[in-house]
Amino acid sequence: MSCCNQTKITEFLLLGFSGSRTLKVLLFFLCIVIYIMSLTVNSMIFGLCLGSQHLRSPMYFFLSHLSVNDIMLSTSVGPNFLSALLGDGKTMSVSACAIQFLASGFFTGVECLLLTVMSYDRYLAICNPLHYVTIMTSKHSIILVIWSYIQMFLIAFIMITLTCSAGFCGNNTLDYIYCDYAPLLKLSCADVFIVEIIRIILNIPGVLLPLVIIITSYIMIILSIFKISTSTGRQKAFTTCSSHLAVVCTYYGILIAKYSVPSKGQSSNFNKLFSLLYTIVTPLLNPIIYSVKNKEIQKAFSKWVSVMLLRF
C-alpha cells in the first residue's frame, strides 16, 4: 500500500517478448500467420455449423460458440501483442489495459466453461443415450451457453474491479505479452491480500469445479465405453469424444503449466510462452482437432466447396 504515495499511473508500457530485433520480427510473422489462420478456420467452423442442416445437434451448437470464443480470445490479445513486437513495446492507457484484462480473462474462462458443457453433452450422449434427446433440448443448450457467459462475466468483472478500482502506481512497465492479472496486481494500489483471497474463492466455480465436472464426466464415459459389448460400438463411442478430450487436455494442460511456472526471473519467458500458446495457438488447434476425424464437418465442408465452385 506504500506505493499509493507515489505518482499514479495513467498509461502502461507493454513490453511483450524480450530479445533481438530479428527474433521479434520472426516471432511477429509466425504469430500473425497463426492469428490469421485461426480467424479463418474458426470462422469457417462457425459458418458450417450455422449454415449446414446436418450440423444442428447440441454438440455443433456448442462447437460454434467455442469457435466464436476462440476468435475473441485471440483477438483480445493478438493485435496489441503484434504491435508490441514491431514497436519494441506498446503504450496502452489504463482503461485500455483494463478492458484487455477483462476481455482476455472473460474469454479464457468462457472457454473452460464451454469445454465443461461439451463434456456434459458427451456424457449424456454416451452414458444416457435413450434420454439424450429429451434432456439436451435446444432450450437447455441455449441456457447452458448463456449461463457460461453470465457466470464468467460476473467473475471477470469482480476481478477487474478489485484489481483496478484503487488505481496503479510505481513503475508503469508491464513485462508481459498482454494486460494480465499477475503483472497488473503488482502495480495495483488495492489490498493484495484481499484480492488474492477473493481470486482463490472465485477460481472454485470458474476453474476448479468445471475441471472436476470434466474429469468426472470422462471417468463415467470411459466406464460406459468398456461396458459396450462390440468393438465397433466401443470405437464409435470413443470417436465421438476423442476430439473433445484432446482439446480439453491441450487447453487445461497449457493453463496448468502457465500457472505452475513462476512469473519472475528466468521463468518469466516460459510464462509468457504458455500465455501465448493458449491465447494464440490453441484457438487454431481447437477447430483443426475437431475437424480431423469429424465426418459430418468434412461432408459439410465438401458440400460448401462444391457450391462455391459451381458459382464460379
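Residues numbered from 1 in each chain as written. Predicted model: local features only at pLDDT ≥ 70, side-chain atom pairs only at ≥ 80, totals over all residues. Heavy atoms only, no water.

- Going by what an unreviewed UniProt entry lists, the protein chain is known as Olfactory receptor and is assigned to Hymenochirus boettgeri.
- What the UniProt record of the protein chain gives under Subcellular location (unreviewed entry) is the line "Cell membrane".
- Looking at the protein chain in UniProt, the text filed under Sequence similarities (unreviewed entry) is "Belongs to the G-protein coupled receptor 1 family." (UniProt positions renumbered as here; feature names shortened; annotations may be inferred.)

## Quick notes on the overall build of the protein chain
- A tally of helices and strands in the protein chain yields ten helices and three strands.
- In the protein chain, the order of α-helices and β-strands from amino to carboxyl end is β-α-α-β-α-α-α-β-α-α-α-α-α.
- In summary, the protein chain has a C-alpha radius of gyration of 21 Å against a globular reference of 20 Å for 312 residues, a match within 12%.
- Burial status across the protein chain gives 43% buried among its 312 residues.
- For the protein chain, the proportion of contacts with a sequence separation of at least 24, taken over those separated by at least 6, is 78%.
- Put simply, the protein chain has 20 plus and 10 minus side-chain charges, and the middle of one group is 12 Å from the middle of the other. (Helix = DSSP H or I, 4+ residues; strand = E, 2+ residues; numbered from the N terminus. Rg over C-alpha atoms; globule rule 2.2 N^0.38 Å. Buried < 20%, exposed > 50% of the residue type's maximum accessible area, 1.4 Å probe, protein only. Contact = heavy atoms within 4.5 Å. Lys, Arg positive; Asp, Glu negative; His and termini not counted. Charge placed at Lys NZ, Arg CZ, Asp CG, Glu CD.)

## Things to note about the sheet that holds strand β3 (residues 173–174)
- Taken in spatial order, the three strands line up as β2-β1-β3 in an open sheet, and their pairing is mixed. With one partner strand each, in any of the chains shown, β2 (90–93) and β3 form the two edges of the open sheet.
- Here strand β1 (residues 11–14) runs beside β3; their pairing, made up of two bridges, is parallel. Paired with Leu14 across the bridge in β3 is Leu174.
- The strands that helix α3 (residues 94–127) touches are β1, β2 and β3; relative to β2, the one it contacts most, it runs at about 95 degrees. (Pairing = 2+ DSSP bridges. Axes fitted to C-alpha atoms, helices over the stretch in contact; angles between N-to-C directions.)

## Concerning the side chain of Asp180
- As for its placement among the helices and strands, Asp180 is situated in the loop between β3 and α6 (181–187).
- A distance of 3.1 Å separates polar atoms of two side chains, one belonging to Asp180 and the other to Lys258. (Polar contact = N/O pair within 3.5 Å; in protein donor to acceptor, adjacent residues only side chain to side chain.)

## Re the state of the cysteines
- Taken as a whole and judged by the stated rule, the model has one disulfide.
- A sulfur-sulfur separation of 1.8 Å characterises the disulfide bridge that pairs Cys97 with Cys179. An S-S torsion of about -110 degrees defines the bridge between Cys97 and Cys179 as left-handed. Here Cys97, found in helix α3, pairs with Cys179, found in the loop between β3 and α6; they are 82 residues apart in sequence, far enough to count as distant. Here the two residues Cys97 and Cys179 agree in accessibility, since each one is buried.
- Cys49 carries a free sulfur, and the closest cysteine sulfur to it, the one in Cys241, is 18 Å from it.
- Overall, Cys49 belongs to the buried group, its relative accessible area being 6%. (Disulfide = S-S within 2.5 Å.)

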